[in-house]
Amino acid sequence: CQSLKYESNVKTVVALSGCDTVEKLFCYPMGTLGKYLKPYMFFWNKVNFGDEGIELTIDILRELSDEVSILLLHGELDKSCPVMCSLLKDPENDYENKENIQVIMYEDKYHNIYQTRESEKYLNDVFGKIEEYKKKYKGKELEEKSKELYDSIDYKKITEEDSEVMETIIEFLDNTINL
């Protein structure tokens, strides 16, 4: 949604579980390299989105022209960006009275709302195992164990989409985009 501030030709947006900060999104998965990049990404985030990127998104949603159709999907159990959940539920934001903004809160979903519950649980288990390996092993042994782990991952399961969420997105796009 923040890109709408800079791009006026966008007519339809689907936003899935906004993220807390750019440095969390990019630096955490990068491991050691991410630790070195984090201060730069923190600064970049402040320059581009201000101190509170999610609040900026909410402000943009308040000011948007009614010509942009927006579907916001978020999981109430999302621990990655719980702030977004509370802001979307804030009665002051009053999205129910804006015809162009549709907000759907999934009570039983975490951050990756497009995934099935089983897929997201499996993904979290894999991330947990990676963290466990980083603490338990070092050097060559970590490389070997990590390779074994990555070779054992069921990539089909880890990317399994929730058909109901995807149908909601497709229906929204079908109704808002002139083909």
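Quick caveat, the model's predicted, so the values are computed rather than measured.

**Q** Can you explain the overall build of the protein? Please cite residues and give values.
**A** Helices and strands together make up the secondary structure of the protein, namely eight helices and three strands. Helices and strands in the protein line up, N terminus first, as β-α-α-α-β-α-β-α-α-α-α. A total of 179 residues make up the protein; the buried ones form 35% of that total. For the protein, the share of sequence-separated contacts (at least 6 apart) that also reach a separation of at least 24 residues comes to 74%. Split by element, the accessible area of the protein, about 12,000 Å² in all, is 53% carbon and sulfur.

**Q** Explain helix H5 (residues 117-136) to me, using residue names and the numbers behind them.
**A** End to end, H5 covers 28 Å across 20 residues, agreeing with the expected 28 Å (1.5 Å per residue, within 8%). When H5 is considered as a whole, its buried residues turn out to be Ser119, Glu120, Tyr122, Leu123, Val126, Ile130 and Tyr133. Mapping the buried residues of H5 onto a view down its axis gives an arc of 160 degrees, with all of them on the same face. Turned more than 90 degrees off the buried face of H5, the exposed positions are Lys121, Lys135 and Lys136. For H5, the secondary structure elements touched by its buried residues are helix H6 (139-152) and helix H7 (155-158).

**Q** How would you explain the environment of Tyr110 if you had to name every residue and give the values?
**A** Tracing the sequence through the fold places Tyr110 in the loop between strand E3 (101-106) and H5. Along the chain, Tyr110 and Lys79 lie 31 residues apart, while their C-alpha atoms are 7.0 Å from each other.

**Q** Which residues make up the packing of aromatic side chains, and what values go with them?
**A** The final tally for this structure, using the stated rule, is one aromatic pair. A centroid spacing of 5.4 Å and a plane angle of 90 degrees characterise the contact between Tyr133 and Tyr137, whose relative ring orientation is edge-to-face. Residues Tyr133 and Tyr137 agree in their burial class; the two are buried.

**Q** Just give me the short version of the pairing of strand E2 (residues 69-75), but keep the residues and values in it.
**A** The element E2 is extensively covered by neighbouring structure, given that seven of its seven residues are classed as buried. Where strand E1 (residues 12-16) lies against E2, five bridges are found, and the strand directions are parallel. In the strand pairing of E2, Leu16 is matched with Leu73. Where E2 meets E3, six bridges bridge the pair, whose relative direction is parallel. Counted as the bridge partner of Gly75 is Tyr106 from E3.

**Q** Which residues make up the side chain of Lys109, and what are the values?
**A** Examined against the element boundaries, Lys109 turns out to sit in the loop between E3 and H5. Note on Lys109: relative accessible area 3%, which makes it buried. A polar contact is formed between the side chain of Lys109 and the side chain of Asp162, at a distance of 2.7 Å. Among residues more than four places away in sequence, those in contact with Lys109 are Gly75, Glu76, Leu77, Asp78, Gln115, Thr116, Arg117, Asp162 and Val165.

**Q** Can you lay out the sheet that holds E3 for me, pointing to particular residues and giving the numbers?
**A** One open sheet accounts for three strands, arranged E1-E2-E3; its pairing is parallel. Since the sheet does not close on itself, it has two edges, and those belong to E1 and E3, each with one partner. For this sheet, the mean angle separating the axes of adjacent strands, direction not counted, is 10 degrees.

Rules behind the numbers
- Residues numbered from 1 in each chain as written.
- Predicted model: local features only at pLDDT ≥ 70, side-chain atom pairs only at ≥ 80, totals over all residues.
- Heavy atoms only, no water.
- Helix = DSSP H or I, 4+ residues; strand = E, 2+ residues; numbered from the N terminus.
- Buried < 20%, exposed > 50% of the residue type's maximum accessible area, 1.4 Å probe, protein only.
- Contact = heavy atoms within 4.5 Å.
- Areas by Shrake-Rupley, 256 points an atom, 1.4 Å probe, with all protein chains shown as cover.
- Expected span 1.5 Å × (residues − 1).
- Arc of directions from axis to C-beta.
- Phe/Tyr/Trp six-rings, centres within 6.5 Å; stacked < 30°, edge-to-face > 60°.
- Pairing = 2+ DSSP bridges.
- Polar contact = N/O pair within 3.5 Å; in protein donor to acceptor, adjacent residues only side chain to side chain.
- Axes fitted to C-alpha atoms, helices over the stretch in contact; angles between N-to-C directions.

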